[in-house]
Amino acid sequence: MHQRRSLHQRQSRRRRPYRVVVALLTALPILILGGCSGHGEKDSAAGTPGTPGAAGLGDPYFPHLGNGGYDVTHYALTLDYDPATRRLDATAAITARAKQRLSAFNLDLAGLTVAHASVDGARAGVRRAGTELTLRPRADIGRGATFRTVVRYFGAPRTLTSADRTREGWIGSGKRSVALGQPTGSMAWFPGNHHPSDKAAYDLRITVPKGQQAISNGELRSERTTGGRTVFDWHCAEPMAGYLATVAVGPYRVELSRDAADGIPVHTAVDPAVAADSADLLARIPAIMKWGEKTFGPYPFSSTGVIIGRPGDADYNLETQNRPFLPGPGGTGILVHELTHQWFGNSVTPKSWRDIWLNEGFAEYAEWLWAESKDGVPAQRAFDRAYADAENWAFPPAEPPTAADISARPVYGRGAMVLHQLRLAVGDGAFFALVRGWAQAHRHGNASTADFTAFAQQRTDRDLTALWDAWLYGSEKPPPSNAPRGPRQQPEASRSAQ
């Protein structure tokens, strides 16, 4: 994700203010206390009582985000949206595997009214407290069992406001709206396990008035219109973190081509008001994809593309899976940044929000690499500019001090500097082999900063401890010299392995 910026800053590519990300979590009343029906035992420990899954996963910045006790494998979301009233009538069918014997479990949901919930076909008890939706099945769910939860809900999905007055969740009204979920906004439009460590496949069936488009992730399986309403069926087979799911509703101009690398389908959706100004940017997608595959390895998804809305539709660009969302056409560097996230952030997803520099550092460094490859501007020149920018030295990129800092300048600029120093330390051949190996080793998975530093030391056979301590974790500004070349051995213990 590019940092939030004004329209003038997005268009001119001038210095960008950092994004402050704090989810707005508002308390809700308890809604339903439903009776329960039969739910069979699923393991041999029938005499052992189940326990509730944790109400949060203990993320360093959002400790109550996500839920313990289960892993989601698939979401089937059926969404009927009326732009005129902003009302959403929806059903979420969630398939998951229990990691413990569960007597109850939680889903994340902000706002909206729950009408009914069931587990494996039997009505479940429902309790609401803030953004926690607690479901209690009639009988315990056995450890290792696969179970299916269905939640029917309705209401006007909320726009959540961060501390910097920027928006996430369900944004917009009238004929144009978009769902953007980083870091917690996806809970504003569907219940789920919304921590990035729990990725799943998705199917989204979206109904909107005839004449409107509903764009989402993955591939469009079908589109049909009856009775003045159009139904769009989208299928996203590759695992996706909840914050990367999107629905964009509006009078978009939609095109499908196969001009990208390896014949990958390219889905583009552009607001008519900016269609002419977006043409050159859209024409760049095949070249960016070809360059991305050469630089980072095989593209990890079955389709690509972009959604371009009008300026004001959102406050920032976001790397929503398969096709990023841009609030108006920007420069080529913006599209390079967001498409690079498909490798780093979307396929290789952080284990926690503390690891966000692995998303943004790679995406910003990709902008430097693109300029080096296509425009003849050395990455060292971009490094020098970033080094001179005082905002990049506010804190170490691997240790943002608060949730408000996870999208601040050091995560982007100093994160990219870490990668440039690594490149200088090991040489181009080893560096680009490492980058491609990293994307392949953790394809469609989750990874942490410790995973990355250990992987780099193993693949390059060098002691990189001094580099990590100075550039990734150090509180002081290191000298601007090239990173030292360490001995060709891995130490018994270093910070990267802690």
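Given the structure is predicted, the values throughout are model-derived calculations rather than measurements.

*Asks:* Would you mind going over the pattern of salt bridges with me for this structure?
*Replies:* Side chains that differ in sign of charge can pair as their charged atoms come close. The final tally for this structure, using the stated rule, is 14 salt bridges. Note that D271 is salt-bridged to R176, the shortest N-O span being 3.9 Å. Of this pair, D271 sits in the loop between β19 (266-270) and α2 (275-283) while R176 sits in strand β12 (residues 176-180), and the two are 95 residues apart along the sequence. Taken together, the shared-partner salt bridges in this structure form one network comprising R176, D271, R310 and D313.

*Asks:* Looking at this model, I keep getting lost on helix α9 (residues 449-460). Mind explaining?
*Replies:* Structurally, the α-helix is built with 3.6 residues per turn, so residues lying three or four positions apart point the same way. Taking 1.5 Å per residue as the helical rise, α9 with its 12 residues ought to reach 16 Å, and the 17 Å between its terminal C-alpha atoms agrees with that figure. Where α9 is concerned, the buried positions are T449, F452, T453, F455, A456, Q457 and T460. Where α9 is buried, its residues touch α5 (357-374), α7 (409-426), α8 (428-441) and α10 (465-472). Positive backbone phi, at 55°, marks D461, one or two positions downstream of α9.

*Asks:* Looking at this model, I keep getting lost on unusual backbone geometry. Mind explaining?
*Replies:* As a rule of thumb, non-glycine residues mostly have phi less than zero, and peptide bonds are mostly trans rather than cis. Along the chain, Q182 connects to P183 via a cis peptide bond; the corresponding omega equals 0°. Of note in this structure, D120 is not a glycine but carries a positive phi near 50°. Locating D120 in the fold gives a position in the loop between β5 (113-119) and β6 (122-123). Not every positive phi belongs to a glycine, and D461 is a case in point at roughly 55°. By secondary structure assignment, the location of D461 is in the loop between α9 and α10. Exposure remark for D461: the relative accessible area of 36% places this residue in the partly exposed category.

*Asks:* Where do I start with the sheet that holds strand β11 (residues 167-173) in this structure?
*Replies:* Strand order in the open sheet formed by five strands is β10-β11-β12-β17-β14, and the pairing between neighbours is antiparallel. Among the strands making up the open sheet, the edge pair consists of β10 (159-161) and β14 (213-215). Strand after strand, the sheet turns through a mean of 20° between neighbouring axes, direction not considered.

*Asks:* Would you mind showing me how to read the pairing of strand β20 (residues 304-308) here?
*Replies:* Every other side chain in a regular strand lies on the same face of the sheet, so the side chains alternate between the two faces. Where burial is concerned, most of β20 is hidden: five out of the five residues are buried. With five bridges joining them, β19 and β20 adopt parallel strand pairing. Residue pairing across strands places T268 opposite V306, the latter belonging to β20. Pairing of β20 with strand β21 (residues 325-326) involves two bridges; the strand directions are parallel. From the neighbouring strand, I307 faces β21, where its bridge partner is F325.

*Asks:* Could you clarify how one ought to interpret a positive patch on the surface in this entry?
*Replies:* Positive charge collects at one region of the surface, where R284, K290, K294 and K374 lie side by side. Mapped onto the fold, K290 is located in helix α3 (residues 285-296). You can call K290 exposed: its relative accessible area is 61%.

Criteria and cut-off values
Residues numbered from 1 in each chain as written. Predicted model: local features only at pLDDT ≥ 70, side-chain atom pairs only at ≥ 80, totals over all residues. Heavy atoms only, no water. Salt bridge = Lys/Arg side-chain N within 4 Å of Asp/Glu carboxyl O. Helix = DSSP H or I, 4+ residues; strand = E, 2+ residues; numbered from the N terminus. Expected span 1.5 Å × (residues − 1). Buried < 20%, exposed > 50% of the residue type's maximum accessible area, 1.4 Å probe, protein only. Contact = heavy atoms within 4.5 Å. Pairing = 2+ DSSP bridges. Axes fitted to C-alpha atoms, helices over the stretch in contact; angles between N-to-C directions. Patch = residues over 30% accessible without salt bridge, like charges linked within 9 Å, V, L, I, M, F, W, Y side chains within 5 Å. Areas by Shrake-Rupley, 256 points an atom, 1.4 Å probe, with all protein chains shown as cover. Lys, Arg positive; Asp, Glu negative; His and termini not counted. Charge placed at Lys NZ, Arg CZ, Asp CG, Glu CD.

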